[in-house]
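Residues per chain, in single letters:
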Amino acid sequence: MDWQAIITSLPSLGAGMIATLKLCAIAAFCSLLWGTLMAVALMRAPPFWQRLLHLYTSLTLALPLLIVIYLLYFVLPEYDITFTSPQVGVLALTLYYAPYIAQVVRSATEMLPRGQWEACRVLGLSRTEQLRDVVLPQTLPQMLSPLVGLMIGLIKDSALLSIVSVQEFMYAAKQAISETYAPLEIYLTVALCYWVLNSLIDWLARHIEFRMTRYRRGMQH
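Conventions used here
- Residues numbered from 1 in each chain as written.
- Predicted model: local features only at pLDDT ≥ 70, side-chain atom pairs only at ≥ 80, totals over all residues.
- Heavy atoms only, no water.
- Helix = DSSP H or I, 4+ residues; strand = E, 2+ residues; numbered from the N terminus.
- Buried < 20%, exposed > 50% of the residue type's maximum accessible area, 1.4 Å probe, protein only.
- Contact = heavy atoms within 4.5 Å.
- Areas by Shrake-Rupley, 256 points an atom, 1.4 Å probe, with all protein chains shown as cover.
- Lys, Arg positive; Asp, Glu negative; His and termini not counted.
- Charge placed at Lys NZ, Arg CZ, Asp CG, Glu CD.
- Phe/Tyr/Trp six-rings, centres within 6.5 Å; stacked < 30°, edge-to-face > 60°.
- Expected span 1.5 Å × (residues − 1).
- Arc of directions from axis to C-beta.
- Polar contact = N/O pair within 3.5 Å; in protein donor to acceptor, adjacent residues only side chain to side chain.
- UniProt positions renumbered as here; feature names shortened; annotations may be inferred.
- Core = buried A, V, L, I, M, F, W, Y, C linked by side-chain atoms within 4.5 Å.

### Section: the overall build of the protein
Stage number 1. What the protein contains, in helices and strands, is 9 helices and 0 strands.
Stage number 2. The N-to-C order of helical and strand elements in the protein reads α-α-α-α-α-α-α-α-α.
Stage number 3. Counting only C-alpha atoms, the protein reaches 70 × 55 × 25 Å along its principal axes.
Stage number 4. The 221 residues of the protein split such that 38% are buried.
Stage number 5. Taking contacts inside the protein between residues at least 6 apart in sequence as the whole, the part at least 24 apart equals 76%.
Stage number 6. Roughly 13,200 Å² of accessible area belongs to the protein as shown, and the carbon and sulfur atoms make up 68% of that amount.
Stage number 7. For the protein, the centre of its 15 positive side-chain charges and the centre of its 13 negative side-chain charges are spaced 15 Å apart.

### Comments concerning the packing of aromatic side chains
The geometry of two aromatic rings is summed up by the distance between their centres and the angle between their planes.
Stage number 1. In this structure the tally under the stated criterion is 8 aromatic pairs.
Stage number 2. With centroids separated by 6.5 Å and ring planes inclined at 35°, the aromatic side chains of Trp34 and Tyr56 adopt a geometry described as tilted. With Trp34 in helix α1 (residues 3-44) and Tyr56 in helix α2 (residues 47-62), this pair connects stretches of sequence that are 22 residues apart.
Stage number 3. An angle of 75° between the planes, with centres 5.6 Å apart, marks the rings of Tyr96 and Tyr97 as edge-to-face. For the pair Tyr96 and Tyr97, a shared accessibility class is recorded, and that class is buried.
Stage number 4. By way of ring pairs, the aromatic residues Tyr70, Tyr73 and Phe74 are connected into one cluster.

### Description of unusual backbone geometry
Comment: phi is negative for the bulk of residues other than glycine, and the bulk of peptide bonds are trans.
Stage number 1. Unusually for a residue other than glycine, Asp80 sits at a positive phi of about 60°.
Stage number 2. Inspection of the secondary structure puts Asp80 in the loop between α3 (65-75) and α4 (85-110).
Stage number 3. What makes Asp80 exposed here is its relative accessible area of 72%.
Stage number 4. The backbone of Tyr181 sits at a positive phi, close to 55°, despite the residue not being glycine.

### Digging into helix α7 (residues 169-180)
Given 3.6 residues to a turn, an α-helix orients residues that are three or four positions apart in the same direction.
Stage number 1. In this model, α7 (12 residues) spans 16 Å end to end at C-alpha, consistent with the 16 Å of a helix rising 1.5 Å per residue.
Stage number 2. Those residues of α7 that sit buried are Phe169, Met170, Ala172, Ala173, Ala176, Ile177 and Thr180. Seen from one end, α7 has its buried residues packed into an arc of 155°, which puts them on one side.
Stage number 3. Against α1 and α8 (183-212) lie the buried residues of α7.
Stage number 4. Sitting at the head of α7, Glu168 places a side-chain oxygen 3.1 Å from the backbone nitrogen of Met170.
Stage number 5. Phi for Tyr181, located one or two positions after α7, is positive at around 55°.

### Thoughts on the side chain of Ser85
Stage number 1. Tracing the chain through its elements places Ser85 in helix α4.
Stage number 2. Every residue in contact with Ser85, bar those within four places of it in the chain, is listed here: Tyr73, Val164, Ser165 and Val166.

### So, the environment of Leu197
Stage number 1. If you trace the backbone, Leu197 turns up in helix α8.
Stage number 2. Separated by 45 residues in the primary sequence, Leu197 and Ile152 have C-alpha atoms spaced 9.0 Å apart.
Stage number 3. Non-local contacts of Leu197, meaning those with residues more than four positions away in its chain, are made with Met17, Leu21 and Ile155.

### Observations concerning the UniProt feature "transmembrane region" (unreviewed entry) in the protein
Stage number 1. Within the UniProt annotation, "transmembrane region" (unreviewed entry) is assigned to residues 20-43, 55-76, 88-105 and 186-205.
Stage number 2. For residues 20-43, the end-to-end C-alpha separation is 34 Å, with 100% helix and 0% strand making up the annotated structure.
Stage number 3. The span residues 55-76 shows a helical share of 86% and a strand share of 0%, and its end C-alpha atoms are spaced 20 Å apart.

### As for the nonpolar core
Stage number 1. Leu93 and Val190 are the most contacted members of the largest nonpolar core, which totals 47 residues.
Stage number 2. Considering each element in turn, this core owes the most residues, 12 residues, to α4.

If you want it as structure tokens, here you go:
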């Protein structure tokens, strides 16, 4: 094991990890926002828009992320639509993961008994009050686990963006390998970093879910 190669590459790998975290944070926020809007539209929009969203969802679920990246980076410029590499990364991850998020949000929302919505109307609660006091406390614990799984998938899939020169973690790893000629050591370091990061996210989500569902366990005793 060439420890010197790992030590030499740590600054560039650290910069790549920071770039990955920033890009994934932006993509996660955008995909959560777009996915939530999609879920609302799928439940309340006119039939025409619902059909369009169903078509978009079916296409996204059927395509590999790599195809989406290629379409945005190589095909759109032929029609004078050009994005920078980081913009392609954020847009590709957002477009790809939003439909999955929409399905999670819609499923959790539709599981609420209809009587609760009717009770909210009888009590005269506003939309904001319904969302804050009734919907989110019940749906968030159900959505948290699948949403975290999607966010972990988003982080792992961000490694594909190195093929279009997005200077994220895997791009930094390739650069380090070209300088140190130590692929085993560099890739093992990258794998360990991904494992630690995703394990930390999973642990944090479990901790939050545990705290959010304490009242349910209290009612059972």
